[in-house]
Amino acid sequence: MDCRIGCGACCIAPSISSPIPGMPNGKPAGVRCIQLDELNRCKLFAQPGRPEVCRRLKPEFAMCGASREEALRILGDWEMATR
């Protein structure tokens, strides 16, 4: 599966505990990553400053669902379940 263009759910719904350029303390769940552009594309994609957790995350149907809205819901549910 490829990333859904304009989605950005994985950069919004989950918390990220590792530092992100511009967000030295990571980001809380539900907060838009500062590295998402206006089209929900990662400005750090394929850059050395991209966090390891982001590099390892691969799109799959179980996480992304059939739409951006479904991905936000799934990832939000996973975040709540792992607190």
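Quick caveat, the model's predicted, so the values are computed rather than measured. (Residues numbered from 1 in each chain as written. Predicted model: local features only at pLDDT ≥ 70, side-chain atom pairs only at ≥ 80, totals over all residues. Heavy atoms only, no water.)

**Student:** What is the right way to read helix H3 (residues 68–81) from this model?
**Tutor:** Because each turn of an α-helix spans 3.6 residues, side chains separated by three or four positions end up pointing in the same direction. Its 14 residues place the ends of H3 20 Å apart at the C-alpha level, agreeing with the 20 Å of an ideal helix rising 1.5 Å per residue. Every buried residue of H3 is accounted for by Ala 71, Ile 74, Leu 75 and Glu 79. Projected down its long axis, H3 carries its buried residues within an arc of 135°, all on one side. Of the exposed residues in H3, those oriented more than 90 degrees away from the buried face are Glu 69, Met 80 and Ala 81. (Helix = DSSP H or I, 4+ residues; strand = E, 2+ residues; numbered from the N terminus. Expected span 1.5 Å × (residues − 1). Buried < 20%, exposed > 50% of the residue type's maximum accessible area, 1.4 Å probe, protein only. Arc of directions from axis to C-beta.)

**Student:** Would you explain the side chain of Gln 35 in this entry?
**Tutor:** Position of Gln 35 among the secondary structure elements: in the segment before helix H1 (52–56). A polar contact is formed between the side chain of Gln 35 and the backbone oxygen of Pro 21, at a distance of 2.7 Å. Setting aside residues no more than four positions away along its own chain, Gln 35 makes contact with Ile 20, Pro 21, Gly 22, Arg 41, Cys 42, Lys 43 and Leu 44. (Polar contact = N/O pair within 3.5 Å; in protein donor to acceptor, adjacent residues only side chain to side chain. Contact = heavy atoms within 4.5 Å.)

**Student:** I keep staring at the layout of surface pockets and nothing clicks. Help me out?
**Tutor:** Empty space within the largest pocket amounts to approximately 870 Å³. When residues of the lining of the largest pocket are traced back to their parent elements, those giving at least two are H1, helix H2 (61–64) and H3. Per-element tally for the lining of the largest pocket: the top contributor is H3, with four residues. (1 Å grid on protein atoms, 1.4 Å probe; cavity = no way out; pocket = protein on both sides within 12 Å on 5 of 7 lines; lining within 4 Å. Points joined across faces, edges and corners; volume = space filled by probe spheres on them.)

**Student:** Can you help me understand the nonpolar core in this one?
**Tutor:** Across soluble globular proteins, nonpolar side chains have a tendency to be buried as a group. Counting residues in hydrophobic clusters, the biggest one holds nine residues: Cys 11, Ile 12, Ile 16, Ile 20, Met 23, Cys 33, Leu 36, Leu 44 and Cys 54. For Ile 20, the contacting residues outside a window of four places in its chain are Gly 26, Lys 27, Cys 33, Gln 35, Leu 44 and Pro 51. Core analysis: the second largest hydrophobic core is formed by seven residues, Ala 13, Met 63, Ala 71 and Leu 75 among them. (Core = buried A, V, L, I, M, F, W, Y, C linked by side-chain atoms within 4.5 Å.)

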